[in-house]
Amino acid sequence: MGPLPQVPQPARRVAQAIALAGGRAWLVGGWVRDQLLGRPGMDLDLEVGGLDAEAIDLALSSLGPVMRVGRAFPVFKLQLDGCALDISQPRSDSLPGGQARVDPELSIAQSAARRDLRINAIALDPLSEEIQDPFDGRSDLKNRILRAVDEHHFLDDPLRVLRVARFVAQLDFTVDEALIALGSQADWRDVASERLGIELCKLLRAPFAPEGIEAAARMKV
């Protein structure tokens, strides 16, 4: 696992616009994980703290047309220099069905506590290139293992269990035994079949699909 490459210019432009408005933007999730693994990826997810939704919308509008989706938890979609960016706010207090409350004042470390896996809880400031890794996700990347951030809230969205199997199929990682046991307790009754179908398709198209299917079976999916 090597150092991060240069942060994409679209992410820097968003972070600069947010900083001028008094907030702070972080690159989060898959892009950070994949770049640390040396994998390509240009779909950029940013999390903005310190601003309410209206202020974020106004700041992003200076860069181009912004599409806002969702009400309780808005996501701002922006196309910039050929890149698709999703910009959201910190969330806290996980609720049933994977829902949560928006909290603009939440720190990036506090926000990371509600993510699914430690490898997905790493954040990067596009301007300073500071890394926040409160759950030591980089060690999990180095050791090629999947571990939950918070066992008490992991099953708030049972679909996370299938995502674990999908990550096995995509990355050829192993699953921590504690996460195997946790995933086996998932209640699938209220999960929409469409959401299941999307994750299954991603798993089956991945390069290590047999390993992903085996992981799903071990978690009783």
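Thresholds, definitions, all that
Residues numbered from 1 in each chain as written. Predicted model: local features only at pLDDT ≥ 70, side-chain atom pairs only at ≥ 80, totals over all residues. Heavy atoms only, no water. Helix = DSSP H or I, 4+ residues; strand = E, 2+ residues; numbered from the N terminus. Buried < 20%, exposed > 50% of the residue type's maximum accessible area, 1.4 Å probe, protein only. Contact = heavy atoms within 4.5 Å. Pairing = 2+ DSSP bridges. Axes fitted to C-alpha atoms, helices over the stretch in contact; angles between N-to-C directions. pLDDT = per-residue confidence, 0-100.

## Quick look at the environment of Asn143
So, step 1. Within the element layout of this structure, Asn143 appears in helix H5 (residues 137-143).
So, step 2. Assessed through its relative accessible area of 53%, Asn143 is described here as exposed.
So, step 3. On a C-alpha basis, the gap between Asn143 and Gly23 in space is 34 Å, while along the polypeptide they are 120 residues apart.

## Quick look at the environment of Pro40
So, step 1. On the secondary structure map, Pro40 appears in the loop between helix H2 (30-36) and strand E2 (44-49).
So, step 2. By relative accessible area, which is 73% here, Pro40 ends up exposed.
So, step 3. Taking the C-alpha atoms as reference points, Pro40 and Gly22, 18 residues apart in sequence, are found 31 Å from one another.
So, step 4. Setting aside residues up to four positions removed in sequence, Pro40 forms contacts with Asp34 and Gln35.

## A look at the sheet that holds strand E8 (residues 123-124)
So, step 1. Spatially, the seven strands line up as an open sheet ordered E3-E4-E5-E2-E1-E8-E9, and their pairing is mixed. Taken across any chain shown, the strands that pair with only one partner, and hence form the sheet edges, are strand E3 (66-69) and strand E9 (131-132).
So, step 2. Contacts from helix H3 (residues 53-61) reach E2, E3, strand E4 (75-80) and strand E5 (83-88) within the one sheet, and its direction differs from that of E3 by about 155°.

## Observations regarding the confidence of the model for the protein
So, step 1. Model confidence for the protein is summarised by a mean pLDDT of 90, while 93% of its residues fall at 70 or above.
So, step 2. Taking the mean pLDDT of every element in the protein, the minimum, 65, falls on strand E6 (residues 91-95) and the maximum, 98, on strand E10 (residues 145-146).

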